[in-house]
Amino acid sequence: MAFDLSMPILVVDDYNTMIRIIRNLLKQLGFENVDDANDGSAALAKMMGKKYGLVISDWNMEPMTGYDLLREIRASPELSQTPFIMITAESKTENVIAAKKAGVNNYIVKPFNAATLKVKMEAVFPAATT
């Protein structure tokens, strides 16, 4: 895996335990530069001040969901190219389709492990697998 391990990653989840789990999985993969936010609006605020190489966001959050965050990012000229992986406990087909239409790069259904996260990230960064 030839990822840029120094790439800043933003993990967005309203459940602190899930943030810790994802942070630990990223650490297992070699990523150290990981920030977090508790909802979409906090994530947007952080993204205005720092360029992230990847956003990994939960879908179900209040007051701003991961889906709303994705739509805001894709609508922003400065942020629209930011790779985005959506995480959800629900594998409803209509959610996957809605996320794809909104421009998500990949989708992970909970629960997942480091191997799954790595495969999903490799699909987002195909050049990194060489």
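What counts and what doesn't
Residues numbered from 1 in each chain as written. Predicted model: local features only at pLDDT ≥ 70, side-chain atom pairs only at ≥ 80, totals over all residues. Heavy atoms only, no water. Salt bridge = Lys/Arg side-chain N within 4 Å of Asp/Glu carboxyl O. Helix = DSSP H or I, 4+ residues; strand = E, 2+ residues; numbered from the N terminus. Buried < 20%, exposed > 50% of the residue type's maximum accessible area, 1.4 Å probe, protein only. Pairing = 2+ DSSP bridges. Axes fitted to C-alpha atoms, helices over the stretch in contact; angles between N-to-C directions. Contact = heavy atoms within 4.5 Å.

Applying the stated criterion across every chain, the model contains seven salt bridges. For K110, the salt bridge goes to D13, with nearest N and O atoms at 3.9 Å. One end of the pair, K110, is in the loop between β5 (106-109) and α5 (114-124); the other, D13, is in the loop between β1 (9-12) and α1 (16-28), with 97 residues separating them in the sequence. For K118, the salt bridge identified is with E122, shortest N-O distance 3.9 Å. Of this pair, K118 and E122 are both found in helix α5, four residues apart, which corresponds to roughly one turn of the helix. What emerges from the salt-bridge pattern is a single network uniting D13, D58 and K110.

Here we come to the side chain of S57. Following the sequence through the fold, S57 ends up in strand β3 (residues 54-58). According to the relative accessible area criterion, S57 is buried, its value standing at 0%.

All right, on to the sheet that holds strand β4 (residues 84-88) then. Taken together, five strands build an open sheet; the order of strands is β2-β1-β3-β4-β5 and the sheet is parallel. In the strand order of this sheet, the two ends are held by β2 (34-37) and β5, each with one partner. On average, each strand axis in the sheet is tilted by 20° relative to the strand beside it, whichever way the strands run. Here four bridges tie β3 to β4, and the two strands are oriented parallel to one another. Counted as the bridge partner of V55 is F84 from β4. Relative to the sheet, helix α2 (residues 40-49) contacts β1, β2 and β3, its axis offset from that of β1 by approximately 165°. Contacting β1, β3 and β4, helix α3 (residues 66-75) runs over the sheet at an angle of about 170° to β4.

Positionally, S80 belongs in the loop between α3 and β4. Classification of S80 by relative accessible area gives buried; the value is 18%.

Residue P63 is bonded to the preceding E62 through a cis peptide linkage, with omega at -5°. Within the fold, P63 resides in the loop between β3 and α3. Cis geometry marks the peptide bond from K110 to P111, where omega comes out at -10°. Topologically, P111 is positioned in the loop between β5 and α5.

Function cannot be read off these values alone, since they describe shape.
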